[in-house]
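# Observations on chain architecture
What follows is each chain in one-letter form.
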Amino acid sequence: MTSMQKLAPTQLALLQRRRRRPSASTSRTTFLLAVIAFIALLLGENFQFGCCGYTTSRIYIEPDGGYSGIAIRIQDSVPEERCAEVLRNLKVVLSSASKRLHQALDERAYFKDITVIVPRNWRDSTCQTPIAAPMGGSTFVDPDILVGKDDPIHGHSIFTQQSRSCGQRGDFMFVPYLFLTSLNDTWSTWGDPGKTFVHEWSKLRYGVFDEYGFVDDPLYPNYYKVQGAIIPTGTSNVPVSGSWRDPSGAEGCDPTTKSCFFQPDLGANDQVTCSLGTYPFLPKVSRYCTVKEALSGSHGTLPPTKHNALCQGRSALDVIYQNDDFYNKDLGRNGGGGGPKIPEPKFTVVRDPQTSYVLLMDASSSMIHNDVWRWVSKAAQKFIRYDLNRGARMALVSFSDSAVVAHPMITLEDDKSRRRLSDTIPDKYKVQRNSDKRCVICGIQTALRSVLRGSEAGAHIILVSKGDNLTLSLTDENTILEHARTYNIKFSNILVPGRHPALSFYDLASKTSGGKAFVFPSPERRDAGARFYAQLISAFQEVLRLDSESPSEIPVRVHTELAFRTNPLLTRGKFTIDTTLGRSSQFGILVNDADDHFMKSVTFFDKEGQTFGPYNSFSSDFNVINLKTINFPHDTTSPPFDDPAHLGMTWQYTLEWYPGGDTSQENVILVESKPRSLGSFGLIDIKMWTNSDSASDLVTYNHPLTMYVQVRRGDSPVLQANVLVDVYMDTENGTQIEVSRGIRLFDSGNGDPDLVGGDGIYSRYLTTYETKGRYYFVINADDNENRAYTIQRRREKRAMTMKPPNLLYPVCCGSQISVPDGSQMRTGSFKRQESGPVLHLISVPDKASDKMPPSRIVNLRLNIIEDERKVTALWTAPGDDFDSGSVQRYKLMFSENVEDLIDPERQATIIHSVDGREDESGTSQQYRFTFDHFDVDYHVAMFAIDDMGNQGNISNIAQIHMPKPESYIEDSQNAPIQTDNEETDWSLIGIIIGVVLTLLILLIVGCYLYFLMAHRRSHYGAKAGKSKSSGVNANMRHPDVSDSGSTESESKNTSSHHLVPQINTISNAYKKQLQVLESNGPAKKDSAAEITPTYWSASQLLKEHEERQRRESTLNRDGSTLYSHPIPELNESMDATYQEDPYGTHAQNGYYNAAMDPGIYHPGYSTNQRLSTSDSVQGYPPLLPLYGDGKENGANGNPEGIYYGHNNNQQQQQQQQQQQQHQLHQSNMNHALLPRASDPESNTVGFSHHSRQGSLLSVSSGRPGSTLSKARNITQV
């Protein structure tokens, strides 16, 4: 896994255990499972499944960067006489590839240990090298690289089959033997084979894709345009020079109108050093490009390569280094190419071993329960007597609390040897006397020590047991896995019904070793019957298919029917023997009692209505396995449905029963047939896998399971088949649930999840889950009403796709494989059913929550209609949940810079919102819109949104260049883009209108206040004869804790906006005046910590202005005393705010009082003066609240009787000092002290401090008086 490291086998076994032991073990397992599930939920989108292949890859990287466990199998299709040449040149190519890989990945990796498996019948003398038998520790199963004859699609070009998404490993690499035996031709055709091999290895191991385009491909074209210039699709650090050629090799081809190929100039591209994914044949290319290099070489655009589309713009180098082999590791790096030379790869040639079966049977007394042993023993006898191929090797070991070799290894040459081996199966009387204990590890160790005895190569242990929690310990599990890894032993497990669920470890052991696992639920009836028996027979046959040397001898089951003897004592059904079968067909009935079977007759009817039968004679040849077949007449060499003229025909049958006996007994009708003469076509073969290679995994909303099914006939894919998958699960208590039935898979090539259309690989997401448990799959495939076809090889045995002469890179395969009509060959009717993989899902999405997003769109295309300035977007609709359901909305985005679309930290412009859709998954969609951005290359992408707002990933990036029409009006170039069918977003329009109106109102109010203030200033300036400075005084002590109530935006407005004046602090002169007052009477000191800012609205400011005008009209203008009463002691009930001069300038320049009395001048502060409440300035008279006649004042609208003026009792004493200060401050009138930040250490208050700036604090204007401890700042209008 990428975000979550893979668990060690012992840890994984522990996590997957589902036991019913005492609570300690159960609670431990439950806790660990919960932890894993929680981690998966936290990882969310970053979580990915582990890398996968056809089977588990055994390749691993060592600490020095060397790859070991590489297995290369040479297929039987390779002529033995070419053995020596193939082996010799294989070493040459891989030795060169090892050096090239080391260089390309900055000395991080190389090939270290390689095993080559040759066919069993190849001789040492022909191969000119010793061929050893595989030993323990060598890798010879599950090869990742195959060598064989030419592929019908790819010809003799090397290729890697890839079915999974970016970053996940490929299925296998295929090397045509002609690629190796004709190295001179390989050099001239493909360039350096070592570099070619490295690129295919990168696709196989790291999950990168080809970085070139394909002729006429709708998704990955082989050219694109930049400012009208035609550029070949590819990745390089600098532009590549070359020529366009037609299929004959002639130059001067126009790719916009014809099928052309780009041929780089081999002698004129020495500056091109990357990428191996595009130009491995250029002499200086030795590595993959970085993103920066790739953009530089493509003129700043993202070429439409397969890799760019599927990997969402990530470079191949980035994908490689994010692989588990290198992520957070520093393997084998010597730095800059100056390190020690890497060793040559070690090659080991081994002969493919013959399979040796060991049937390991649980013979404990528990197998007697529910009549299980009866049917197990009969299925084993059928396997030995009738199913195993002639010459197969097999031994038999039984166990309960201990193990015993019932029969040593024997070669089954004739019926006698088969009978002798099958007769050693313990009978029920022996079994019921055995212990109830089940020591599985005892049986395995006995098989290794007493049966295989050092000849483990090719061993296949088939275990038949209940497989519950009493069969294995954790130590036993570790031992089994170690045997599987060390000796390459396959383990197939057939787990029969028991009281407790089977351990998930058996699934893990089978998947890890390359075997198969089958778990049978408890029978619905009290005792197991013929239905359970039929399932056992199928399990043994599927195990046999894994490594049979004669697969055509294994019968194909074409029909199964459960039958009961109920009135009217008739069982009817129908079946079809398809055209690929029809040899040794058998119509049989599995009965509960071979002697007392109650069958009367069987009659067949063909599609023309012709009747065959009734047949009332039944054979006793298979009585030992409870199988009854029909004795056809002696003049009939085969049953009527084996007649070649009747193949592909639907047959009907009627089985008539005798009355009597137990009518509840189960009977199963089976119809089986073997393939006919294969010729050059081969067998129909079906294989299924998922995007998880582990026996246990976690599924999240963003990363569901992906199902893949490949249908082939021989070596050719089967196209347009009908492939359906049924999904079932077993819960932790053993209950079987049908999760989903008939899920259709598609070979569409839409990119998510199906990568290539027409390759015979059918794909689909699994979006429905019930709960955590054991999930397993059943595949049903047929000919789709005779639509299915394969690819017919040409008479010259050449591939379907032909590479033009001198073209140095492959022509296949982009998003689609197009098969010409002349190369299509109908498969004829067929119908197959196969079992798929088994997965234990320890965490699944909650089906009650709709959190799955739509799948990614990978086939976005843009068609330009220049005359209409319109663009048509075409794509395949995803679904509501990935590729299931329907999608409601899309977002189209564009940018001139492609990095805006591929970098998640950047954001492109949304050009259109396509709403109101109901697009069914898999359907073709289009949308037309106007595009008025001309003569510039733009990049366009989209993503889908479902009805719950879940967003899919961004699509592939398409390019658009709209030429400016000659009739286009210049003034409208900046007009907004209009669409033909998009709906108006009224909510957005409403927001815009609201913002515009708000700004307009604020502008009007601001202009009114500005002109009002300007008018007042000019009026009082004329009245006074000259401009007077004005200021603001406030009795504000510096608080102990800085006030953080004001905002940064207010700070900016206060310091810069001309409508909001600066606010000055009071000087220390106030302290001296306060001391004088205190001498007349004690004053209660205020609490500066309680200063509370009050913000004024515009209406409050205007009201305050009018109130000040009214109060000024009550003052005596002759300078006489304004009051006759003594000043009372200041207390909490008095208003300690002060009236300002409303029409002055900034206070640092000084100001007169409201009566314009020259004797009461308030000096400003000098330029070197700090704005602090602790500083002292002489002669600064305080403004204090004065009390006059309460009645008179109340009558004038001041109910509290508060008047405002100056304390003139001390005026005469200070007048001389004030006049001196007046002269000093007049000299500083034009000096403005810049505000500075408050310093809490020195009790300094500055305007630029965020806790002080912008606080518009009110004065008293008719409101209840505030306390002295809550002195206010004031401001002016």
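Residues numbered from 1 in each chain as written. Predicted model: local features only at pLDDT ≥ 70, side-chain atom pairs only at ≥ 80, totals over all residues. Heavy atoms only, no water.

We now examine the overall build of the protein. Check the secondary structure of the protein and you find 24 helices and 51 strands. Counting all 1277 residues of the protein, 56% fall into the buried class. Taking contacts inside the protein between residues at least 6 apart in sequence as the whole, the part at least 24 apart equals 76%. Per element, the accessible surface of the protein, about 55800 Å² overall, is 49% carbon and sulfur. (Helix = DSSP H or I, 4+ residues; strand = E, 2+ residues; numbered from the N terminus. Buried < 20%, exposed > 50% of the residue type's maximum accessible area, 1.4 Å probe, protein only. Contact = heavy atoms within 4.5 Å. Areas by Shrake-Rupley, 256 points an atom, 1.4 Å probe, with all protein chains shown as cover.)

A word on the pattern of salt bridges. Applying the stated criterion across every chain yields a total of 44 salt bridges. In this structure, K516 engages E542 in a salt bridge whose closest nitrogen and oxygen atoms are separated by 2.9 Å. Of the two residues, K516 is situated in the loop between α16 (505–513) and β19 (517–519) and E542 in helix α17 (residues 530–547); the sequence distance between them amounts to 26 residues. Here E666 ties to R531 by a salt bridge, and the two come within 3.4 Å at their closest N and O atoms. Pair noted here: E666 is in the loop between β26 (650–657) and β27 (667–674) and R531 is in helix α17, with a separation of 135 residues, a long-range link. Residue class for E666 comes out buried when judged on its relative accessible area of 6%. (Salt bridge = Lys/Arg side-chain N within 4 Å of Asp/Glu carboxyl O.)

Turning our attention to a nonpolar patch on the surface. On the surface, a nonpolar cluster with roughly 550 Å² of combined accessible area is contributed by I989, I993, L997, L1000, L1003 and I1004. Note on placement: I989 falls in helix α19 (residues 986–1024). The exposure class assigned to I989 is partly exposed, which follows from its relative accessible area of 32%. (Patch = residues over 30% accessible without salt bridge, like charges linked within 9 Å, V, L, I, M, F, W, Y side chains within 5 Å.)

Turning our eyes to something else, we now look at the nonpolar core. Nonpolar side chains tend to gather and get buried jointly when the protein is soluble and globular. Counting 84 residues, the largest nonpolar core has Y67 and W201 as the members making the most contacts within it. If one sorts the elements of this core by residue count, helix α3 (residues 83–104) sits on top with 9 residues. Among the nonpolar cores identified, the runner-up in size contains 46 residues, and M367, L412, A530 and L670 belong to it. (Core = buried A, V, L, I, M, F, W, Y, C linked by side-chain atoms within 4.5 Å.)

A sheet is described by the order of its strands in space; here 4 strands give the open sequence β43-β42-β46-β47, paired in antiparallel fashion. The two strands at the open ends of the sheet, each matched to only one other strand, are β43 (909–914) and β47 (958–961). For this sheet the average axis-to-axis angle between neighbouring strands, irrespective of direction, equals 30°. Where strand β46 (residues 937–945) and β47 come together, 4 bridges link them in antiparallel fashion. Bridge pairing links D937 to H961 in β47. (Pairing = 2+ DSSP bridges. Axes fitted to C-alpha atoms, helices over the stretch in contact; angles between N-to-C directions.)

A separate point is the packing of aromatic side chains. If you walk through the whole model with that rule in mind, you get 38 aromatic pairs. Judged by centre distance (5.2 Å) and plane angle (50°), the rings of F894 and Y938 are tilted. On the criterion of sequence distance, the pair formed by F894 in strand β42 (residues 889–895) and Y938 in strand β46 is long-range, its members being 44 residues apart. You'll find F894 and Y938 in the same group, each marked buried. Through a chain of ring-to-ring contacts, the aromatic side chains of F575, F587, F604, F612, Y615, F632, F641, W651 and Y653 assemble into a single cluster. If you follow R108 out to its NZ or CZ, it ends over the ring of Y321, 4.0 Å from the centre. The ring of F598 has R565 lying over it, and the distance from NZ or CZ to the ring centre is 3.9 Å. (Phe/Tyr/Trp six-rings, centres within 6.5 Å; stacked < 30°, edge-to-face > 60°. Lys NZ or Arg CZ within 6 Å of the ring centre and 35° of its normal.)

To continue, consider the packing of helix α11 (residues 372–387) against helix α12 (residues 415–422). At a minimum axis separation of 9 Å, α11 and α12 run at an interaxial angle of 165°. In this view, α11 runs roughly antiparallel relative to α12, as classed from their interaxial angle. Seen from above, α11 lies across α12 with right-handed handedness. Across the interface between the two elements, Q381, I384, R385 and Y386 from α11 touch R418, R419, L421 and S422 from α12. Its residues placed into classes, the contact of α11 with α12 shows 3 nonpolar, 2 polar and 3 charged. (Parallel < 35°, antiparallel > 145°, perpendicular 65-115°, else oblique. Left-handed = near helix turned anticlockwise from the far one by under 90°. Nonpolar A, V, L, I, M, F, W, Y, C, P; charged D, E, K, R; others polar.)

For the rest of this paragraph, the subject is the packing of α11 against α17. Remark: α11 packs on α17, axes separated minimally by 9 Å, with the N-to-C direction vectors making an angle of 40°. If you check the angle between α11 and α17, you find them oblique. Of the two elements, α11 crosses α17, and the hand of that crossing is right-handed. Seen from α11, the contacting residues are V372, W375, V376, K378, A379, A380, K382, F383 and D387; seen from α17, they are A530, F532, Y533, L536, I537, F540, Q541 and L544. Across the contact of α11 with α17, the residue classes tally to 13 nonpolar, 1 polar and 3 charged.

Glancing now at the environment of Q162. Looking at the element boundaries, Q162 is found in the loop between β7 (159–161) and β8 (172–176). The exposure class of Q162 is buried, given its relative accessible area of 11%. With 594 residues separating them along the chain, Q162 and V756 place their C-alpha atoms 8.8 Å apart. Not counting chain neighbours up to four residues away, the residues in contact with Q162 comprise G170, D171, K203, G207, V208, F209 and L755. Within the local environment of Q162, its side chain forms a polar contact with the backbone oxygen of K203, the two atoms lying 3.4 Å apart. (Polar contact = N/O pair within 3.5 Å; in protein donor to acceptor, adjacent residues only side chain to side chain.)

Bringing the confidence of the model for the protein into the picture now. Looking at the protein, the pLDDT average stands at 77 and 71% of residues meet or exceed 70. In this model, residues 1–53 is a region of pLDDT below 50 whose contacts with residues beyond four sequence positions or in other chains number 116 contacts. (pLDDT = per-residue confidence, 0-100.)

Let us now look at the state of the cysteines. As enumerated under the stated definition, the model contains 6 disulfides in all. In this model C166 forms its disulfide with C311; the gap between the sulfur atoms is 2.1 Å. Judged by the torsion about the S-S bond (100°), the C166/C311 disulfide is right-handed. Highlighted residues: C166 in the loop between β7 and β8 and C311 in the loop between α9 (306–310) and α10 (316–321), separated in sequence by 145 residues. (Disulfide = S-S within 2.5 Å.)

Structurally, S422 can be placed in helix α12. A polar contact of 3.2 Å, which involves the side chain of S422, links it to the side chain of R385. With near-sequence residues (within four places) excluded, S422 lies in contact with Q381, I384 and R385.

Residues separated by three or four positions in an α-helix point in the same direction, a consequence of the helix having 3.6 residues per turn. The buried fraction of α16 amounts to 7 of the 9 residues, a majority that puts the element mostly inside the structure. Every buried residue belonging to α16 is among F505, Y506, D507, L508, A509, S510 and S513, and all of these are buried. Immediately downstream of α16, the backbone of G514 shows phi near 95°, a positive value.

Moving on, we come to the environment of T305. Position of T305 relative to the elements: it lies in the loop between α8 (291–297) and α9. For the pair T305 and G814, spaced 509 residues apart in sequence, the C-alpha to C-alpha distance is 9.0 Å. Setting aside its immediate chain neighbours within four residues, T305 contacts D210, E211, Y212, Y220, T233, G234 and T235.

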